[in-house]
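# Analysis of the macromolecular model
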Amino acid sequence: MESIHSSVGETCIVCEEKKERGIHLYTEFICTDCEKDMLQTDTEDPKYRFYLKQLKKITIPKIYS
């Protein structure tokens, strides 16, 4: 018997988890949880640097062969 797995949602570029709700920023997906947390994070908070690091992934062009 074959098992069928369906994947719902997209992978968030920040938390790297599959989520159903979020926004698309350029070519990437950001879930609503991360979007909300990023907007509320102060620039002095250590999480701010993490968010910047994750968002830098957006500028890396994808190469398909």
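Refer to the structure printed above.
These notes cover the structure that comes with them.

## What about the pattern of salt bridges?
Applying the stated criterion to the full structure yields four salt bridges. With a closest N to O distance of 3.1 Å, D33 and K19 form a salt bridge. A residue pair is termed long-range when its members are at least 10 positions apart, and D33 in helix α1 (residues 32-40) and K19 in strand β2 (residues 18-19) qualify at 14 residues. What you see here is one network of salt bridges that share partners, running through E17, K19 and D33.

## Things to note about the pairing of strand β4 (residues 28-31)
A two-sided burial pattern is seen for β4, the buried positions comprising E28 and I30 on one face and F29 and C31 on the other. Across four bridges, the pairing between strand β3 (residues 22-25) and β4 is antiparallel. Counted as the bridge partner of G22 is C31 from β4.

Conventions and cut-offs
- Residues numbered from 1 in each chain as written.
- Predicted model: local features only at pLDDT ≥ 70, side-chain atom pairs only at ≥ 80, totals over all residues.
- Heavy atoms only, no water.
- Salt bridge = Lys/Arg side-chain N within 4 Å of Asp/Glu carboxyl O.
- Helix = DSSP H or I, 4+ residues; strand = E, 2+ residues; numbered from the N terminus.
- Buried < 20%, exposed > 50% of the residue type's maximum accessible area, 1.4 Å probe, protein only.
- Pairing = 2+ DSSP bridges.

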